[in-house]
Amino acid sequence: MDARKLILLVGALIVAAVTAFMARSLLLGTPTPVAGAAPTAASPQNTTEVLVAKRALPVGTILDATSMEFRPWPKELVEGAYYVKGEADPAKLQGVVVRFAVSAGQPLTQGGLVKPGDRGFLAAALGPGMRAVTVPVSAQSAVAGFVFPGDRVDLVLTQSVSGGGDGPPLKASETILRNLRVLATDQRTDKNTDDKGNTIVNTYSTVTVEATPKIAEKIAVAQTVGSLSLSLRSIADNQGELEEAIASGEVDVPANGDAKAEKAMLARASARPSEGAPTFATGADVSRFQRRTVPGKPAEDHAATQQAPNGQSYPGAVAVPQGPTVRIVRGSDASVVAVGGKN
């Protein structure tokens, strides 16, 4: 056998071997990789930690510990307006108001925040179309000072309703407004903290809340009717009332199923103050010796003096007609006279 035939034979054997190996690999498939422990990711070397928003922060948001955190950020993209870890203290930014909207995960900038005491702070904290209203409160009616800027409260009106009949006036209390956002307490718009970062609870005499123009008018009138108290709301209460508002048709749900539109609708609905469906309690609800209804008015035409058994008179007592009587109504005035008497 000559050399040429030998070379062709060897080449044919090599091609056949490669083809057989490839066919076997296709038939058997790729072997399952062996599970192993994932290597620990090394910390980035060219990053520095900056303060970013943990969630979307719309205009007027009052910052707290749950709305911001430090995250790694490329050093070449860090700007002078960012809050860098080691140079900024997040505790000192609590109570600061967002001037420009910040998306989730984006750095907070010094120009995008308004600090308490700065000019225009309160106006920046207000949402579009909202008003700031100051409510006078006492230490007892302000939840003993445990209401802080950013909390949400209900407004309770307590009053005495006089009638004209016998007995004491009616004592009544009712929740007239719900889900009001607290903007400031007295002149402070931030939380007092000590050297260790613990919140210092102080009493105050006024609370500034965010309200619509119509609700602001109601609060102004309520201050002249009786005394106002604050009722601190739980965060979970907003979800239940939001579901009721959607079921009753007060809140319009986007029909196209747009997730962003629905998210924006939910944010607006949960932040809106509510003035409907007031609840109330009267004196009889807390004591059997109190009234449940407003005392009735006596007949004004007979507000004379009534003779006592000893001949003395009771000033302002109602004279009770003797014998048959007739009730006479003229427009909105009603009187009771004895038959045969003069009206």
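Conventions used here
Residues numbered from 1 in each chain as written. Predicted model: local features only at pLDDT ≥ 70, side-chain atom pairs only at ≥ 80, totals over all residues. Heavy atoms only, no water. Helix = DSSP H or I, 4+ residues; strand = E, 2+ residues; numbered from the N terminus. Contact = heavy atoms within 4.5 Å. Areas by Shrake-Rupley, 256 points an atom, 1.4 Å probe, with all protein chains shown as cover. Buried < 20%, exposed > 50% of the residue type's maximum accessible area, 1.4 Å probe, protein only. Pairing = 2+ DSSP bridges. Polar contact = N/O pair within 3.5 Å; in protein donor to acceptor, adjacent residues only side chain to side chain. Expected span 1.5 Å × (residues − 1). Arc of directions from axis to C-beta. Core = buried A, V, L, I, M, F, W, Y, C linked by side-chain atoms within 4.5 Å. Lys, Arg positive; Asp, Glu negative; His and termini not counted. Salt bridge = Lys/Arg side-chain N within 4 Å of Asp/Glu carboxyl O.

A. Structural context of the overall build of the chain. Within the chain one finds 5 helices and 14 strands. A separation threshold of at least 6 residues defines the contact pool for the chain, and within that pool the share at least 24 residues apart is 66%. Accessible surface, the chain as shown: approximately 22400 Å² in total, 56% of it carbon and sulfur.

B. Representation of the pairing of strand β8 (residues 206–211). For β8, a buried count of 5 out of 6 residues is recorded, marking the element as mostly surrounded by other parts of the structure. With 6 bridges joining them, strand β5 (residues 131–136) and β8 adopt antiparallel strand pairing. Paired with V135 across the two strands is V207, which belongs to β8. For strand β7 (residues 170–185) and β8, the ladder comprises 4 bridges, and the chain directions are antiparallel. Pairing of A184 across the sheet is with T208, part of β8.

C. Quick look at the side chain of R233. For R233, the location among the structural elements is in the loop between β9 (227–232) and α4 (237–248). Overall, R233 belongs to the buried group, its relative accessible area being 10%. A polar contact is formed between the side chain of R233 and the side chain of D154, at a distance of 2.9 Å.

D. A look at unusual backbone geometry. Look at N179: it is not a glycine, yet its phi comes out positive at around 60°. Among the structural elements, N179 can be located in strand β7.

E. Molecular detail of helix α3 (residues 213–225). In this model α3 runs 19 Å from its N-terminal to its C-terminal C-alpha over 13 residues, within 8% of the 18 Å that 1.5 Å per residue would give. The set of residues buried in α3 consists of I215, A216, I219 and A222. Down the axis of α3, the buried side of the element spans an arc of 120°, and every buried residue falls inside it. Exposed side chains of α3 directed beyond 90 degrees from the buried face belong to V221 and T224. On its buried face, α3 is in contact with β5, β6 (152–161), β7, β8 and β9.

F. Up close: the nonpolar core. Of all hydrophobic cores here, the largest spans 21 residues; its most connected members are L155, L180, V209 and I219. What V209 contacts, discounting residues up to four positions off in sequence, is R131, A132, V133, V135, L180, R181, V182, L183 and I219. Counting 13 residues, the second-largest nonpolar core is a separate cluster that includes L51, A53, V96 and V102.

G. Highlighting the side chain of R152. Take R152: it is sitting in strand β6. The charged side chain of R152 is buried without a salt bridge, its nearest counter-charge being E210 at 5.1 Å. At 3.2 Å, the side chain of R152 and the backbone oxygen of N179 are in polar contact.

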